[in-house]
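# A structural walkthrough
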There are 2 protein chains.
Amino acid sequence: MIDKEDIYKKLKAGGHRITRQKMAILDILLDNTDTMLSAGEIRSRIPMQMKIDDATIYRNVQGFADAGILESMIDSSGLNLYKLCDSSPHHHLICTECGRIINFPCRVDFWKPYLKENNFIESHHVIEIYGKCSDCADK
Amino acid sequence: MIDKEDIYKKLKAGGHRITRQKMAILDILLDNTDTMLSAGEIRSRIPMQMKIDDATIYRNVQGFADAGILESMIDSSGLNLYKLCDSSPHHHLICTECGRIINFPCRVDFWKPYLKENNFIESHHVIEIYGKCSDCADK
DNA sequence: TTAAATGCAAAATATTTGCACGTTG
DNA sequence: CAACGTGCAAATATTTTGCATTTAA
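Residues numbered from 1 in each chain as written. Chains lettered and ligands numbered in written order. Predicted model: local features only at pLDDT ≥ 70, side-chain atom pairs only at ≥ 80, totals over all residues. Heavy atoms only, no water.

### What about the sheet that holds strand β1 (residues 37-38) of chain A?
All names here are of chain A. For clarity, the threshold we go by: A pair of strands is considered paired only if DSSP assigns at least 2 bridges between the two. Strands here mean DSSP runs of E at least two residues long; helices mean DSSP runs of H or I at least four residues long; both are numbered from the N terminus. Throughout, a residue-residue contact means that at least one pair of heavy atoms, one from each residue, lies within 4.5 Å. Here an axis means a line fitted to C-alpha atoms, over the contact stretch when the element is a helix, while the angle between two N-to-C directions is reported on a 0 to 180 degree scale.
Spatially, the three strands line up as an open sheet ordered β1-β3-β2, and their pairing is antiparallel. Of all the strands in the sheet, the pair left with one neighbour each is β1 and β2 (70-74). When β2 meets strand β3 (residues 80-84), the two strands line up antiparallel, connected through five bridges. Bridge pairing in β3 places Met 73 opposite Leu 81. Across the face of the sheet, helix α2 (residues 20-30) comes into contact with β1, β2 and β3 while running at roughly 80 degrees to β3.

Structure (structure tokens):
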């Protein structure tokens, strides 16, 4: 789905250098495109021979977000979570058991009337539905 | 709109004792029903002759949330924010300039089809629209 | 009076920053 | 080689916790 070379291209376009550390973090994100990971979860997935400093992880996920290659959210305990961007605008069904993320398309018209009614100028929105995915509901 | 005695009643029903500290925090929340406040913002609004420990503020807002008298969210920088509950299910237009919150009614049918499609069992949802309110847009 | 609440101090957690050194382009 | 990135250590910031003392009911 998501092309590694595309990502590298976007990063270079944004003035980023491709380092061993960034490649490792990207590999982890590419392996987890349907879950959002915290900095700590990224760290724990780094091959143990390879050491990457926490500060480097934090700096890089922020850099990636600035470059527009990943989306972020904050979970209910205040942790920052990240995953690679998809191309089309969408929202998330988030499984509270296994963390799986299922996308569904964005439908902006739902709240548009309320924007007009209140003369409110939207900059962005957050729509997340929490619950159990089919796999976890079965158990 | 929101009745103080109702709140006290709910708190007592939940086994809470009414203390000087809780009353002060509730007064602040009652004065700010259209903004969400962080623990720090609550602290800064406490009359200066009255000292309330940070730990007490944190314990109380959590207790209030457990008792169902306030709703909470986490802002984009990871801070916990709180405001007294309204009665009817709704979502928020959140002004990023002044912090004002405008409610608009919940319409669940928008994402229902995607729940069915994915056999997803919803427990709760978060819908927030960010931007500028009419007052702040004028400036 | 007694269970719950508070203040204080210390701990836990997540994230950020300064700086010297290493590495990429 | 020059700019950017990294590791390390220390600093922030928010929130949580243990415990002795106070207080509401």
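### Quick look at the protein's contact with DNA strand C
Short version of the rule: A single heavy atom is enough: if one lies within 4 Å of a molecule or strand, its residue is considered near that molecule or strand. Within 3.5 Å is the distance limit for a polar contact, defined as a pair of N or O atoms, with the added protein rule that one can donate a hydrogen and the other accept it, and that residues adjacent in sequence qualify only through two side-chain atoms. We call Asp, Glu, Lys and Arg charged. Ala, Val, Leu, Ile, Met, Phe, Trp, Tyr, Cys and Pro are nonpolar, and the rest, Gly among them, are polar.
What surrounds DNA strand C is a group of 21 residues, the closest being Arg17(A), Gln62(A), Thr19(B), Gln21(B) and Thr56(B). In DNA strand C, atoms within 4 Å of the protein come from the sugar-phosphate backbone in 64% of cases. Lys22(B) places a side-chain nitrogen or oxygen 3.1 Å from a phosphate oxygen of DNA strand C. At 3.3 Å, a backbone N or O of Lys51(B) approaches a phosphate oxygen of DNA strand C. At the level of secondary structure, the elements contributing two or more residues to the surface near DNA strand C comprise α4 (54-66) of chain A together with α2 (20-30) and α4 (54-66) of chain B. In terms of residue class, the surface near DNA strand C is built from six nonpolar, seven polar and eight charged.

### Here's the deal with unusual backbone geometry
Note the cut-off: Burial classes follow relative accessibility: with a 1.4 Å probe on protein chains only, a residue under 20% of its type's maximum area counts as buried, one over 50% as exposed, and anything between as partly exposed.
One non-glycine residue, Asn119(A), adopts positive backbone phi at about 50 degrees. Looking at Asn119(A), the relative accessible area reads 54%, which means it is exposed.

### Section: the interface of chain A and chain B
Applicable threshold: Any Lys or Arg side-chain nitrogen located within 4 Å of an Asp or Glu carboxyl oxygen qualifies as a salt bridge.
Counting from both sides, the interface comprises 35 residues of chain A and, opposite them, 35 residues of chain B. At the surface where chain A touches chain B, the tally comes to zero salt bridges. One can count eight residue pairs in polar contact (both at pLDDT 80 or more) joining chain A with chain B. Those elements giving two or more residues to the side of chain A that touches chain B turn out to be β4 (90-95), β5 (101-105), α5 (112-118), β6 (121-132) and α6 (134-138) of chain A. Broken down by element, the side of chain A that touches chain B gets its largest block of residues, 12 residues, from β6(A). Residue composition of the side of chain A that touches chain B, by class: 19 nonpolar, 11 polar and five charged.

### Let's talk about the domain arrangement of chain A
All names here are of chain A. Defined as follows: Domain delimitation in this document rests on an assignment produced automatically or drawn from a domain database. Here the quantity called buried area is the accessible surface, traced with a 1.4 Å probe, that two parts lose on coming together, added over both.
The domains assigned to chain A are domain 1 (4-84) and domain 2 (90-137). Measuring from the centre of the C-alpha atoms in domain 1 to the corresponding centre in domain 2 gives 23 Å. Buried surface at the junction of domain 1 and domain 2, both sides included, amounts to about 530 Å², of which 57% is carbon and sulfur. At the surface where domain 1 touches domain 2, the tally comes to zero salt bridges. Where domain 1 touches domain 2, the interface holds two residue pairs in polar contact (both at pLDDT 80 or more). Among the residues forming the side of domain 1 that touches domain 2, the class breakdown is two nonpolar, one polar and three charged.

### Examining the protein's contact with DNA strand D
Around DNA strand D, a shell composed of 22 residues is seen, among which Thr19(A), Gln21(A), Thr56(A), Tyr58(B) and Gln62(B) lie nearest. The sugar-phosphate portion of DNA strand D accounts for 67% of its atoms within 4 Å of the protein, the bases making up the rest. At 3.1 Å, a side-chain N or O of Lys22(A) approaches a phosphate oxygen of DNA strand D. For DNA strand D, a phosphate oxygen lies 3.1 Å from a polar atom in the backbone of Asp53(A). Looking at the surface near DNA strand D, the elements that each hand over two or more residues are α2 and α4 of chain A together with α4 of chain B. Its residues placed into classes, the surface near DNA strand D shows seven nonpolar, seven polar and eight charged.

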